[in-house]
Amino acid sequence: MNRLRDLVIVLGDQLDANASAFDGFDPAQDAVWMAEVAEESEHVWSGKPRIVLFLSAMRHFAQALREAGRSLHYTRLDQPDNRGSLAAQLQADIARLRPARLVMTAPGEWRVLQALRAVAQAGGLTLDIRDDRHFYGSVREFAAHARGRKTLRMEYFYREQRRRHGVLMRDGEPEGGQWNYDAENRESFGATGPGAVPPRAMFPPDAITREVIALVEARFPAHPGSLTDFAWPVSRAQALIALERFITERLPLFGRYQDAMWPGDPWLYHAQISAALNLKLLDPREAVDAAVAAFHAGAAPLASVEGFVRQILGWREYVRGIYWTRMPGYGELNALQAKAELPAWYWTGETDLACLRDTLEQTLAHGYANHIQRLMVTGLYALLLGVEPAQIHAWFLAVHVDAVEWVELPNTLGMSQYADGGLMASKPYVATGRYIQRMSPHCQGCRYRPDQSVGERACPFTTLYWDFLLRHEPLMAGNPRMALQVRNLARLDEAQRDAVRARAAAIRQGEVGSAG
Ligand code: FAD
Ligand code: SF4
């Protein structure tokens, strides 16, 4: 047999048969390499839904590769000779297969890139790392955009993207005359609730997924989360169905209710396609083009379609640019010097804060929370509490099925925790419990009161909001966008300030918040 020419590395979030790694693939001399390794589920304490999604999607992709006649070296998690980490497994397989070269599409995580580079170097092999065509733009283009800018606001980048890729543009101007319809996208459901929201697209586990579920239950029994309701798309065909269902059933109201919350229902009008996109089962152009086509067909209003396009063509590409132009230092940032421990109940949902309990239970059950729950419930509480950014980053990365570091880290550290000191967000996203009260009915079923900052019934969000302003007053006073919030501090006299601080200290010591 001829010597193996290229060993094409495919990671769990690179499940795209048209990826650059496959350019020039010759079945007669090349082979694909994939490995399920425990380290990827254990370096953060990954939730079971996330582990199952990755492993099942990998196995479905492997099956498609075999059916397409591609030679594949695949290591299963339960194989006795599994080496446990990507680096160790690759090293062992290089020794066995003796390829002339390693090829891959640029990975989504800095840690993995370093590990694989080190393996190639140790083996004296070239590692040909190719641009990831999945994204609209390259990291080089983002770096050019960022050059010389002190802050990197998404809005300017987004407008550049719209122009460059000709999305929702008419004669060089934004469709409808405005770049942004955010103001129309902030409604709550009001007292009557969301009514009959179309049911979520569910994909009951097939034989492959069932086998993976059994494996994960046996191998990672203590990991957080539950698999009872696992129904995520795990193949390209299923991902396309999920996209189609979103475009026809949810997109028209996506914009209007983007920020709304409702107990027991994280899905609402959200697309639920982030995991499929991040595993590369879906191409972002497919999602954007389908939404724009719905607008032109008169099936969805511009405010919804623009809101959706902004998330994918704007935010998604922007956070990737931030990640790759700022790593490795970005992960270490802690501009607010936050040092508190993440409450243990983030991993169980056992808290008496009604909004957090609901969000945590959904997150653990499905590996999903919608954007506003992540930003204004789980993220906000950690920010107000002053949780060390590395701990809340590990939590976000572990429990959400769509979590891959390039997208999770900037969203958590930059947008949600202000740990980059304002590179991404012009001000910290801080609010009292009244924000949650406005956007959901959670507070009605809660033992706390969103309008109280001290006393037994004080809402911990509200107490911690004032405590946050007190702790960071000098820093926030220098931020024009925080001026109004900081000025309101003047309403508190010394005794009230002390009462807020005392209650905040009790919350931090765990005297408030745990269920039971
Ligand atoms: P929708 O709300 O329907 O939005 C449509 C699509 O837009 C999403 O599928 C996603 O691909 C994209 N999108 C929306 N907002 C963002 C954003 N801020 N950054 C990047 N893409 C975006 N998204 C992830 O994909 N993985 C993560 O690990 C992740 N971690 C987050 C952590 C925090 C603290 C916050 C505040 C946000 C995070 N997001 C993350 C962004 C966003 O919350 C999710 O993309 C979204 O909730 C996924 O659900 P959906 O597909 O129903 O999205
Ligand atoms: Fe959440 Fe506070 Fe409202 Fe309770 S009162 S649901 S803790 S915002």
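About the thresholds
Residues numbered from 1 in each chain as written. Chains lettered and ligands numbered in written order. Predicted model: local features only at pLDDT ≥ 70, side-chain atom pairs only at ≥ 80, totals over all residues. Heavy atoms only, no water. Helix = DSSP H or I, 4+ residues; strand = E, 2+ residues; numbered from the N terminus. Rg over C-alpha atoms; globule rule 2.2 N^0.38 Å. Buried < 20%, exposed > 50% of the residue type's maximum accessible area, 1.4 Å probe, protein only. Contact = heavy atoms within 4.5 Å. Areas by Shrake-Rupley, 256 points an atom, 1.4 Å probe, with all protein chains shown as cover. Lys, Arg positive; Asp, Glu negative; His and termini not counted. Charge placed at Lys NZ, Arg CZ, Asp CG, Glu CD. Near = heavy atom within 4 Å. Polar contact = N/O pair within 3.5 Å; in protein donor to acceptor, adjacent residues only side chain to side chain. Nonpolar A, V, L, I, M, F, W, Y, C, P; charged D, E, K, R; others polar. Domains from an automatic or database assignment. Phe/Tyr/Trp six-rings, centres within 6.5 Å; stacked < 30°, edge-to-face > 60°. Lys NZ or Arg CZ within 6 Å of the ring centre and 35° of its normal. Buried area = accessible area lost by both parts, 1.4 Å probe. Salt bridge = Lys/Arg side-chain N within 4 Å of Asp/Glu carboxyl O. Pairing = 2+ DSSP bridges. Axes fitted to C-alpha atoms, helices over the stretch in contact; angles between N-to-C directions.

Visitor: Run through the overall build of the protein chain, naming residues and quoting values.
Guide: Helices and strands together make up the secondary structure of the protein chain, namely 20 helices and seven strands. Its C-alpha atoms give the protein chain a radius of gyration of 24 Å, near enough to 24 Å, the size a compact globule of 516 residues would have. Within the protein chain, the proportion of its 516 residues that are buried is 59%. Sequence-distant contacts, at least 24 apart, represent 77% of the contacts inside the protein chain between residues at least 6 apart. Surface summary for the protein chain: the accessible area is close to 21,000 Å², and the carbon and sulfur share equals 51%. Averaging the locations of the 57 positively and 59 negatively charged side chains of the protein chain gives two centres separated by 3 Å.

Visitor: So, the site of ligand 1: which residues are in play, and what are the values?
Guide: Surveying the vicinity of ligand 1 reveals 28 residues, the closest of which are Ala-271, Gln-272, Asn-278, Tyr-368 and His-371. At 3.1 Å, a side-chain N or O of His-270 approaches an oxygen atom of ligand 1. Relative to its unbound accessible area of 810 Å², ligand 1 is 99% covered by the protein chains. Mapped by element, the contributors of at least two residues to the shell around ligand 1 are helix H9 (274-278), helix H11 (302-326), helix H13 (371-385) and helix H15 (405-416). Of the residues forming the shell around ligand 1, the biggest block, six residues, is contributed by H15. Of the residues in the shell around ligand 1, the class split is 14 nonpolar, 10 polar and four charged. Counting only domains with at least three residues in the shell around ligand 1, you end up with domain 2 (139-197 + 250-326) and domain 3 (344-508).

Visitor: Mind laying out the site of ligand 2, listing which residues take part and the relevant values?
Guide: As a matter of local geometry, ligand 2 sits amid Leu-353, Ala-354, Cys-355, Gly-433, Ile-436, His-442, Cys-443, Cys-446, Tyr-448, Pro-450, Cys-459 and Phe-461. Within the residue set of the shell around ligand 2, elements represented by two or more residues are helix H12 (354-366) and helix H16 (433-439). In terms of residue class, the shell around ligand 2 is built from 10 nonpolar, two polar and no charged.

Visitor: Could you give me a rundown of the packing of aromatic side chains, with the residues and numbers involved?
Guide: For the coordinates displayed, the defined rule picks out 23 aromatic pairs. Considering the side-chain rings of Phe-142 and Phe-157, the 5.2 Å spacing of their centres and the 65° angle between planes classify their relative orientation as edge-to-face. Of the two residues, Phe-142 is situated in helix H5 (residues 139-146) and Phe-157 in helix H6 (residues 154-165); the sequence distance between them amounts to 15 residues. The exposure class of Phe-157 is buried, given its relative accessible area of 6%. An aromatic cluster is defined as three or more aromatic residues linked by ring pairs; in this entry it consists of Trp-345, Tyr-346, Tyr-381, Trp-395, Phe-396 and Phe-461. Sitting over the ring of Tyr-136, Arg-285 keeps its end group 5.0 Å from the ring centre. The cationic tip of Arg-374 hangs over the ring face of Tyr-368; the distance from NZ or CZ to the ring centre is 5.8 Å.

Visitor: Can you lay out the domain arrangement of the protein chain for me, pointing to particular residues and giving the numbers?
Guide: The domain boundaries assigned to the protein chain delineate domain 1 (6-130), domain 2 (139-197 + 250-326) and domain 3 (344-508). The distance between the C-alpha centroids of domain 1 and domain 3 comes to 38 Å. At the junction of the two partners, domain 1 supplies 12 residues and domain 3 supplies 15 residues. For the pair domain 1 and domain 3, the summed buried area comes to about 1,000 Å², and 65% of that belongs to carbon and sulfur atoms. Scanning the region where domain 1 abuts domain 3 turns up zero salt bridges. For the interface between domain 1 and domain 3, the tally reads four residue pairs in polar contact (both at pLDDT 80 or more).

Visitor: Can you tell me about the sheet that holds strand S3 (residues 72-75), naming the residues and giving the values?
Guide: The five strands are arranged S3-S2-S1-S4-S5 in an open sheet whose pairing can be described as parallel. Every other strand in the sheet has two partners, leaving S3 and strand S5 (126-130) as the edge strands with one partner each. In this sheet, neighbouring strand axes are inclined to one another by 25° on average, regardless of whether the strands run parallel or antiparallel. Here strand S2 (residues 31-35) runs beside S3; their pairing, made up of four bridges, is parallel. Looking at the pairing, Met-34 lines up with Tyr-74 of S3. Contacting S2 and S3, helix H2 (residues 48-67) runs over the sheet at an angle of about 160° to S3. Together, strand S1 (6-9), S2, S3 and strand S4 (101-105) form the strand contacts of helix H3 (residues 86-97), whose direction differs from that of S2 by roughly 145°.

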